[in-house]
Amino acid sequence: MYEMRLKALAKINLGLDVIRRREDGYHEVKMIMQTIRLYDRIVMRKRREPKIQVKTNLFYLPENENNLVYKAAKLLIEEFKIQQGVQIDLQKFIPVAAGMAGGSSDAAAVLYGMNRMFHLGLSLEELMERGVKIGADVPYCLMRGTALAEGIGEQLTKLSPVPQCKILIAKPAISVSTKFVYENLKLDENTVHPDIDLLIQDIETKNLADMAAHMGNVLESVTIPNYPVIAQIKEQMIKDGALNAMMSGSGPTVFGIFDDKEKAEVAYKRMLEGNLAKQVYLTEVYNNGR
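Residues numbered from 1 in each chain as written. Predicted model: local features only at pLDDT ≥ 70, side-chain atom pairs only at ≥ 80, totals over all residues. Heavy atoms only, no water.

**Focus: the overall build of the protein chain**
Threshold: A run of DSSP states H or I qualifies as a helix once it reaches four residues; a run of E qualifies as a strand once it reaches two. Both are numbered from the N-terminal end. In this treatment the radius of gyration is a C-alpha quantity, and the globule benchmark scales as 2.2 Å times the residue count to the 0.38 power. Per-residue accessibility, obtained with a 1.4 Å probe over protein chains only, is compared with the maximum for each type, and a residue is labelled buried under 20%, exposed over 50%, and partly exposed between these values. Two residues form a contact once any of their heavy atoms are found within 4.5 Å. Areas reported here follow the Shrake-Rupley algorithm with a probe of radius 1.4 Å; residue values treat only the protein chains shown as occluding.
When its secondary structure is counted, the protein chain shows ten helices and eleven strands. Relative to its length of 290 residues, the protein chain is compact, with a C-alpha radius of gyration of 19 Å against a globular reference of 19 Å. The principal-axis extents of the C-alpha atoms in the protein chain amount to approximately 55 × 45 × 35 Å. Out of the 290 residues belonging to the protein chain, those deemed buried represent 54%. Of the contacts made within the protein chain by residues no fewer than 6 positions apart, 74% connect residues no fewer than 24 positions apart. Carbon and sulfur atoms make up 48% of the accessible area of the protein chain, which amounts to about 13400 Å² in all.

**So, helix α6 (residues 196-204)**
What counts is decided by this rule: The arc in question is the one traced by the directions running from the helix axis out to the C-beta atoms. N or O atoms closer than or at 3.5 Å make up a polar contact, with two conditions inside protein: a donor-capable atom paired with an acceptor-capable one, and, for residues adjacent in sequence, both atoms drawn from side chains.
Where α6 is concerned, the buried positions are Ile 196, Leu 199, Ile 200, Asp 202 and Ile 203. Seen end-on, α6 carries its buried residues on one side only, within an arc spanning 160°. Its buried side turned inward, α6 meets β1 (3-21), β2 (27-47), β5 (146-151) and α7 (208-213). If you check the start of α6, you find a side-chain oxygen 3.3 Å away from the backbone N of Asp 197, and it comes from Asp 195. Directly beyond the C-terminal end of α6, a positive phi value near 60° is found at Lys 206.

**Remarks on the sheet that holds strand β9 (residues 244-247)**
Our working definition: One bridge is not enough; two strands pair if DSSP finds at least two bridges between them. Note on geometry: axes are C-alpha line fits, over the in-contact stretch for helices, and angles between N-to-C directions span 0 to 180 degrees.
Read from one edge of the open sheet, four strands run β9-β10-β7-β11, paired in antiparallel fashion. If you trace the sheet from one side to the other, it starts and ends with β9 and β11 (279-284), each paired once. In this sheet, neighbouring strand axes are inclined to one another by 20° on average, regardless of whether the strands run parallel or antiparallel. Pairing of β9 with strand β10 (residues 254-258) involves four bridges; the strand directions are antiparallel. In the strand pairing of β10, Met 247 is matched with Val 254. Against the sheet, helix α9 (residues 229-239) contacts β7 (166-171), β9 and β10, and its axis sits at roughly 15° relative to β10.

**Section: the packing of helix α1 (residues 68-79) against helix α2 (residues 102-117)**
Just so we agree on the cut-off: Roughly parallel here means an angle under 35 degrees, roughly antiparallel means over 145, roughly perpendicular means 65 to 115, and every remaining angle is called oblique. The handedness criterion is simple: a crossing whose near helix is rotated anticlockwise from the far helix by less than a right angle is left-handed, and one whose near helix is rotated clockwise is right-handed. Under the grouping applied here, Gly and all other residues not named as nonpolar or charged are polar, the nonpolar ones being Ala, Val, Leu, Ile, Met, Phe, Trp, Tyr, Cys and Pro and the charged ones Asp, Glu, Lys and Arg.
Put simply, α1 and α2 touch, their axes get as near as 8 Å, and they point 30° apart. With respect to their mutual orientation, α1 and α2 come out roughly parallel. The two elements α1 and α2 meet at a crossing, and its hand is right-handed. Contacts from Leu 68, Val 69, Ala 72, Ala 73, Leu 75, Leu 76 and Ile 77 in α1 reach Gly 103, Ser 104, Asp 106, Ala 107, Val 110, Leu 111, Met 114 and Asn 115 in α2. In the contact of α1 with α2, the residues fall into eleven nonpolar, three polar and one charged.

Right under this line is the structure:
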């Protein structure tokens, strides 16, 4: 197999709670992850010389060992002492630094691709074990679908697939530091925690309206006061017919859930024409196999 073409799918968080800050500085989380049909495109090609070459369509992304796709390829090349190299062409469409696990999904796709291209024979579970060395979201990006993530995000439990629905994605022209958000998160008796267990029940019973109503992201308590445009995007989506809208991850991307295709398309058009968001996509949930 000389060449592989892969899709690295984005994720959103239907629920995100932070339980506590651990002694090692990491935060213990409880969140529901969902894959959506917004993706980066990756083309991998074997090289005779033992070198990893990365090319991207965005000038500001690193093309060296600071890129997670490079780290993913290097991890398996070193472990299995692969004598050949690989060229990785990465076409980014998932918003960067936006709470959608774009970099983690790219790394997951490269792990998957390396495993098949070089016939390493690793199972999905074995790839996931290696993925966590690159980033906490990488194992989930290998697994995909609907999942409960606990610990620092690496403890995964597969959930029933959510009902099909339209997802409107809008990223404002700002970047949010995940480090800043977690460092400024206050966890005390006044913290409003989303009910993740109730959300899981809604997913199990395929109740899209209740699922949307019970979504919550504890990190909004930090991000929205610092970046009010996030609240404006949420309000716009709900006004245009979303069952609910919420920030994904540590932001700044906002997603809206629609049970009506026509309303979703009108909301997409309005968001495109407005000045709240720089990147706007209309997509849907992804629950099938690879």
